[in-house]
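Here is how the chains run, residue by residue.
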Amino acid sequence: LRPAVAQDPGNLRARALLASAYLRMLESSPRDAATFVILNRLLKDEPSPNAVPVELVVARAEYLRMLWRTDEARELLEWVLKSRSTAELQFQYALTCFDQSNTEKGFVALSSAIQLRANPRYLMVQYMKFRRHHRFPLARKTAEMLMALHPAFGSGRLAWAEVLLDEGKAVEAVPLLR
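Residues numbered from 1 in each chain as written. Predicted model: local features only at pLDDT ≥ 70, side-chain atom pairs only at ≥ 80, totals over all residues. Heavy atoms only, no water.

Another aspect to go through is the packing of helix α9 (residues 136-149) against helix α10 (residues 154-166). Packing of α9 against α10 leaves a shortest axis separation of 9 Å and a crossing angle of 140°. Overall, the two elements α9 and α10 adopt an arrangement that is oblique. Taken as a pair, α9 and α10 cross one another with a handedness that is left-handed. Across from Arg140, Ala143, Glu144, Leu146 and Met147 in α9, the residues of α10 making contact are Gly156, Arg157, Ala159, Trp160 and Val163. (Axes fitted to C-alpha atoms, helices over the stretch in contact; angles between N-to-C directions. Helix = DSSP H or I, 4+ residues; strand = E, 2+ residues; numbered from the N terminus. Parallel < 35°, antiparallel > 145°, perpendicular 65-115°, else oblique. Left-handed = near helix turned anticlockwise from the far one by under 90°. Contact = heavy atoms within 4.5 Å.)

Dropping the structure here:
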């Protein structure tokens, strides 16, 4: 991706994907100033919400959340969501709302993301947030949906096993843990 960006700096999609790669790298390696300089260049602002690829908006929002600049992330996402809505934008908006302790708004955005696309990652976050906020019947329903739609998703299998263990059904949970 780096050669694609160097050859055509206006290729917003390549810039977004390269920025996402750097963000994933920062999740597991030490953060240094040089990487943040690169990310700032890759994620510079564009004039119109319709002109910016979703991937670039998502990368910017993740970056701002990583820096705990959640107000800026929320404003960016709200700006783009006014003109278009995708599952990933709604998901990022939900995460930003949760970061800001706006739980109800986070659940609404997360539900919107899941309605647009029942991605297992979205469902898993919803399951974990429901459990964290002691909404166990909703967590159970989400884990059930996760198993029905994505039976091979490992984290979903663990979530369902957790539900079964909570209900005292250890015998049913054990095969899910293998």
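From this point on, the discussion continues.
Let's shift gears to unusual backbone geometry. One non-glycine residue with positive phi stands out, namely Ser101, at about 60°. You can see Ser101 is positioned in the loop between α6 (87-99) and α7 (103-116). A relative accessible area of 62% means that Ser101 is categorised as exposed. Backbone geometry at His134 places phi at a positive 60°, although glycine is not the residue there. Judged by relative accessible area, His134 falls into the exposed class, the value being 61%. (Buried < 20%, exposed > 50% of the residue type's maximum accessible area, 1.4 Å probe, protein only.)

With that out of the way, let us pick up the pattern of salt bridges. Tallied over the entire structure, the rule returns eleven salt bridges. The partner of Glu88 in a salt bridge is Arg121, with the nearest N and O atoms 2.7 Å apart. Taken together, the positions of Glu88 in helix α6 and Arg121 in helix α8 (residues 120-132) put the pair 33 residues apart, joining distant regions of the chain. A salt bridge links Glu167 to Arg140, with the nearest nitrogen and oxygen atoms 2.4 Å apart. Here Glu167, found in the loop between α10 and α11 (170-173), pairs with Arg140, found in helix α9; they are 27 residues apart in sequence, far enough to count as distant. What makes Arg140 partly exposed here is its relative accessible area of 24%. The structure contains a network of salt bridges with shared partners spanning Arg140, Glu144, Glu167 and Lys169. (Salt bridge = Lys/Arg side-chain N within 4 Å of Asp/Glu carboxyl O.)

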